[in-house]
Amino acid sequence: MRGRATLHAWLMLGPAMLLLVAFTHYPVVATLWHSLFSTPRGARPARFVGVENYAALADDPVFWQALSNNLLYALGTVPLSIGLALAMALWVNGRIAGRAALRVAYFTPTVLPMIAVANLWLFFYTPDYGLVDRITGFLFGWGPTNWIGSQETALGAMMAIAVWKEAGFFMIFYLAALQAIPPVLYEAASVEGASRFTVFRRVTLPLLGPTTLFIAVNALINGFRLVDHIIVMTHGGPDNATALLLTYIYEVGFRFWDTAQASALTMVLLLILALVALAQFTLLGRWTHYR
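Just so we're clear, the structure is a prediction, and the values are computed from it rather than from any experiment. (Residues numbered from 1 in each chain as written. Predicted model: local features only at pLDDT ≥ 70, side-chain atom pairs only at ≥ 80, totals over all residues. Heavy atoms only, no water.)

**Section: the side chain of Thr39**
As for its placement among the helices and strands, Thr39 is situated in the loop between helix H1 (2–34) and helix H2 (52–58). In this structure Thr39 comes out as buried when scored by relative accessible area, which is 8%. Polar contacts involving the side chain of Thr39 include one to the main-chain amide nitrogen of Thr259, which spans 3.4 Å. Engagement of the side chain of Thr39 in a polar contact is seen with the backbone nitrogen of Ala260, the distance being 3.0 Å. (Helix = DSSP H or I, 4+ residues; strand = E, 2+ residues; numbered from the N terminus. Buried < 20%, exposed > 50% of the residue type's maximum accessible area, 1.4 Å probe, protein only. Polar contact = N/O pair within 3.5 Å; in protein donor to acceptor, adjacent residues only side chain to side chain.)

**Quick word on unusual backbone geometry**
Between Gly237 and the following residue, Pro238, the backbone shows a cis peptide bond with an omega angle of 0°. Phi at His235 is positive, roughly 55°, even though this residue is not glycine. Residues other than glycine seldom take positive phi values, yet Trp257 does so here, at roughly 55°. Checked against the element boundaries, Trp257 lands in the loop between helix H12 (245–255) and helix H13 (259–284).

**Regarding helix H3 (residues 61–93)**
Along an α-helix, residues three or four apart share an orientation, since each turn contains 3.6 residues. Between the first and last C-alpha of H3 there are 48 Å, a value that for 33 residues agrees with the 48 Å anticipated at 1.5 Å per step. The N-capping residue of H3, defined by a side-chain oxygen 3.1 Å from the backbone nitrogen of Val62, is Asp60. (Expected span 1.5 Å × (residues − 1).)

**Some words on the packing of H1 against H13**
Two elements in contact, H1 and H13, have axes separated by 8 Å at closest approach and are oriented at 125°. The orientation of H1 relative to H13 falls into the category oblique. Crossing hand, H1 versus H13: left-handed. The segment H1 lies against H13, with Val28, Thr31, Leu32 and His34 engaging Ala260, Ser263, Thr266, Met267 and Leu270. Considering only residue class, the contact of H1 with H13 consists of five nonpolar, four polar and no charged. (Axes fitted to C-alpha atoms, helices over the stretch in contact; angles between N-to-C directions. Parallel < 35°, antiparallel > 145°, perpendicular 65-115°, else oblique. Left-handed = near helix turned anticlockwise from the far one by under 90°. Contact = heavy atoms within 4.5 Å. Nonpolar A, V, L, I, M, F, W, Y, C, P; charged D, E, K, R; others polar.)

**Focus: the environment of Arg255**
Mapped onto the elements, Arg255 comes out in helix H12. For the pair Arg255 and Glu166, spaced 89 residues apart in sequence, the C-alpha to C-alpha distance is 29 Å.

Now the structure itself:
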């Protein structure tokens, strides 16, 4: 009976484990292996070069610019997406008129394909007659601005699109977590005479800890993964102002066909994500309370 139960458990886990190994573990190991070899070209086979591909990255100015851009991109999009998602969830969780319509409006950008979003925002950012220029011209009297063609504004313009696209998705998780909080806790706080800010800081925010941790990890991954709009709108330009690690990996691997260097870049990206995710679990885990 025990052996049958064990066999049944392995049969149930087998398909998921097979997919996990085939599409996650094996690609990571294969990428690490290829990063230690040179790129085969024509009749010249790949040869073992050790850490030469990684050493070449240290002397690559485009890599360092893409890395700094990506860190700035993540630092700008992750906190804004989380803060905006929480604010929207608190707003639509209250008893307000048109609550269902607001939820749909906030969530709509999430279901749009990123390619469609990029083309939509291309119109918004069009100098002179685009929506952004019309609004800034009416409110502040600004003249035509080349938002995605200027080094000073291009990265910020890409960050705004990412926040607009992701905030509604994260709002759904916060909304579900808010609705799972027992009302008796708010009733007890009301009896004690706690202010709304105190209730939010002492009751709501701590109970949203597990959801915040989950959203923070996913937002960080998206900060390094969500680059479709950049490829469509700027191709990493102007002058690498919007180049991120993933766009640079795509360019090196599929434009220059240097698969070994692209593999080394991929391993650097995976290492950065692993270290930052570990730091998030270590730091945020101290203030995360599970019921």
